[in-house]
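The chain contents come next:
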Amino acid sequence: MMIADGLSLDQIDVFLAVADAGSFSAAARTLNRTQSAVTYAIRRLEEQTGTPLFDRADYRPALTEAGRALLPRARRIAEEVGAFRLQARGIAGGLEPELSLVVDAMFPTQVLLEALKQFREHYPTVPIRTYVESLGGAVRLILDGTGALGLVAASACDAPTLVRVPLLEVDLVMVAAPSHPLAGREGPLPREVLRDHVQLVLTDRSGTPGGRDRGVQATQTWRIGDLGAKHAMLRAGLGYGSMPAHMVEADLAAGDLVRIVPAEWDGQMGGVTVPMCLARRLEGPTGPATQWMAEHLALVSQNVRGSAPLP
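In this text, all values refer to a predicted model and were calculated from it rather than measured experimentally.

A few words now on the overall build of the protein chain. Secondary structure summary: the protein chain contains 10 helices and 13 strands in total. In the protein chain, the proportion of contacts linking residues at least 24 apart, taken out of those at least 6 apart, comes to 70%. Summed over its atoms, the accessible surface of the protein chain is roughly 16300 Å², and 51% of this surface lies on carbon and sulfur atoms.

Next comes the structure, spelled out in structure tokens:
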């Protein structure tokens, strides 16, 4: 295989073999070639690069300064060609060129990370593209084919063209900054108290009707399309609102946020849950990597408590 200006991959392999074996004769045995063939390949490589790669003054050839400088690049070339061949064989055998995931911002990160670690070990040649959206926005990316699999809120996932598998439930807690007026109130807070303060509400950017006002207690709301931005605004004391428990656990422990309890939650610290599901399109082929990820996510969701109640 020629790679540039007459330079061949075979020459790169011979160069690496001599550098690793420490001699032309040892490299010849490794490559199952004659020593003269190895010597010729190195001589041609040196002619094409215009610089000596080995110092032959002693009994054993030693890398020159140029040889030491070029050795890491030669290894990368060999590794990339090997990865190219492996991925090409996988694609030819039906393996997906890429796996695209859509993840709702509320989905527990630890669950996703555990699945991704295992996926990389099983399918090292399949890159992953991840989209993070919220509510109906995440489902829309599954419906339009952007993502092959979605980890989405079940309440936003009722399209008949989707296959849905229940995964886990995310506990929500209502929180506010310590400086917020509601932070000093004890006991369950009635709606007439909550409605007089600004509530920060996560907006469904998909425009899906019927889902925008779930859990809204206040007369005045600020709507945010990004869960991370909502988190920052809550910490800044700009309002109160609900957040996934696993996302604010550290804030509550450090005192950067405090819990408030709506009376409608029957006095429970975490009275609202959001069921999450795995979703994919009903029609269309499912490759082996996609199928493996779907099955493994279901398994990991059973074993990892990404939404354990806060103490």
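Another aspect to go through is the pattern of salt bridges. When the charged atoms of two side chains with opposite charge come close together, those side chains can pair. Tallying each qualifying case throughout the model produces 8 salt bridges. Ionic pairing is found between Glu-47 and Arg-44, a salt bridge with its closest N-O pair at 3.0 Å. Note that Glu-47 and Arg-44 are positioned in helix H3 (residues 35–49) at a spacing of 3 residues, about one turn of the helix. A cluster of three or more residues bridged by salt bridges with shared partners is formed by Arg-235, Asp-251 and Asp-256.

The next subject is the packing of helix H2 (residues 24–31) against H3. For the pair H2 and H3, the least separation of the axes is 8 Å and the interaxial angle reads 110 degrees. The pairing of H2 with H3 is recorded here as roughly perpendicular in orientation. The residues of H3 that touch H2, namely those facing Phe-24, Ser-25, Ala-27, Ala-28 and Leu-31, are Gln-35, Val-38, Thr-39 and Ile-42. Residues belonging to the contact of H2 with H3 are distributed by class as follows: 6 nonpolar, 3 polar and no charged.

This brings us to helix H1 (residues 9–21). Between its first and last C-alpha atoms H1 spans 18 Å; for 13 residues at 1.5 Å apiece the expected length is 18 Å, and the two agree. Every buried residue of H1 is listed here: Leu-9, Gln-11, Ile-12, Val-14, Phe-15, Leu-16, Ala-17 and Val-18. Directly after H1, the chain includes Gly-22, whose backbone phi takes a positive value near 90 degrees.

Let's shift gears to the confidence of the model for the protein chain. Per-residue pLDDT for the protein chain averages 86, and the proportion of residues at 70 or more is 89%. Ranking the elements of the protein chain by mean pLDDT puts strand E1 (residues 2–4) last with 52 and helix H8 (residues 227–235) first with 95. Per-residue pLDDT stays below 50 along residues 305–311; that stretch engages in 14 contacts with residues further than four places along the chain or on separate chains.

The geometry of H1 relative to H3 is characterised by a closest axis approach of 9 Å and an angle of 110 degrees between their N-to-C directions. In terms of axis orientation, H1 runs roughly perpendicular to H3. When you trace H1 past H3, the crossing you get is left-handed. Across from Gln-11, Val-14, Phe-15 and Val-18 in H1, the residues of H3 making contact are Val-38, Ala-41, Ile-42, Arg-44, Leu-45 and Gln-48. Residue composition of the contact of H1 with H3, by class: 7 nonpolar, 2 polar and 1 charged.

What follows covers the environment of Leu-9. Examined against the element boundaries, Leu-9 turns out to sit in helix H1. Distance in space between the C-alpha atoms of Leu-9 and Ala-74 is 9.3 Å, their sequence separation being 65 residues.

A general feature of soluble globular proteins is that nonpolar side chains tend to end up buried together. Counting 43 residues, the largest nonpolar core has Phe-107, Phe-119, Leu-151, Val-175 and Met-293 as the members making the most contacts within it. In this structure, Leu-151 is in contact with Val-102, Val-103, Asp-104, Phe-107, Leu-112, Leu-167, Met-276, Cys-277, Leu-278 and Leu-297, ignoring residues within four places of it in sequence. In this structure, Ile-12, Val-18, Val-38 and Val-81 belong to the second largest nonpolar core, which totals 20 residues.

What follows concerns the pairing of strand E6 (residues 128–133). In the sheet, strand E5 (residues 99–104) pairs with E6 via 6 bridges, with the strands oriented parallel. Paired with Asp-104 across the two strands is Glu-133, which belongs to E6. Following the backbone out of E5, through helix H5 (residues 109–122) and into the adjacent parallel E6, one traces a crossover that is right-handed.

Our next topic: the environment of Ser-100. Note that Ser-100 resides in strand E5. For the pair Ser-100 and Tyr-131, spaced 31 residues apart in the sequence, the C-alpha separation amounts to 7.7 Å. Contacts of Ser-100, omitting those with residues within four sequence positions, involve Arg-129, Tyr-131, Thr-146, Gly-147, Ala-148 and Leu-149. Side-chain polar atoms of Ser-100 contact the backbone oxygen of Thr-146, separated by 3.2 Å.

Thresholds, definitions, all that
- Residues numbered from 1 in each chain as written.
- Predicted model: local features only at pLDDT ≥ 70, side-chain atom pairs only at ≥ 80, totals over all residues.
- Heavy atoms only, no water.
- Helix = DSSP H or I, 4+ residues; strand = E, 2+ residues; numbered from the N terminus.
- Contact = heavy atoms within 4.5 Å.
- Areas by Shrake-Rupley, 256 points an atom, 1.4 Å probe, with all protein chains shown as cover.
- Salt bridge = Lys/Arg side-chain N within 4 Å of Asp/Glu carboxyl O.
- Axes fitted to C-alpha atoms, helices over the stretch in contact; angles between N-to-C directions.
- Parallel < 35°, antiparallel > 145°, perpendicular 65-115°, else oblique.
- Nonpolar A, V, L, I, M, F, W, Y, C, P; charged D, E, K, R; others polar.
- Expected span 1.5 Å × (residues − 1).
- Buried < 20%, exposed > 50% of the residue type's maximum accessible area, 1.4 Å probe, protein only.
- pLDDT = per-residue confidence, 0-100.
- Left-handed = near helix turned anticlockwise from the far one by under 90°.
- Core = buried A, V, L, I, M, F, W, Y, C linked by side-chain atoms within 4.5 Å.
- Pairing = 2+ DSSP bridges.
- Right-handed = clockwise from strand over helix to strand, strands pointing away.
- Polar contact = N/O pair within 3.5 Å; in protein donor to acceptor, adjacent residues only side chain to side chain.

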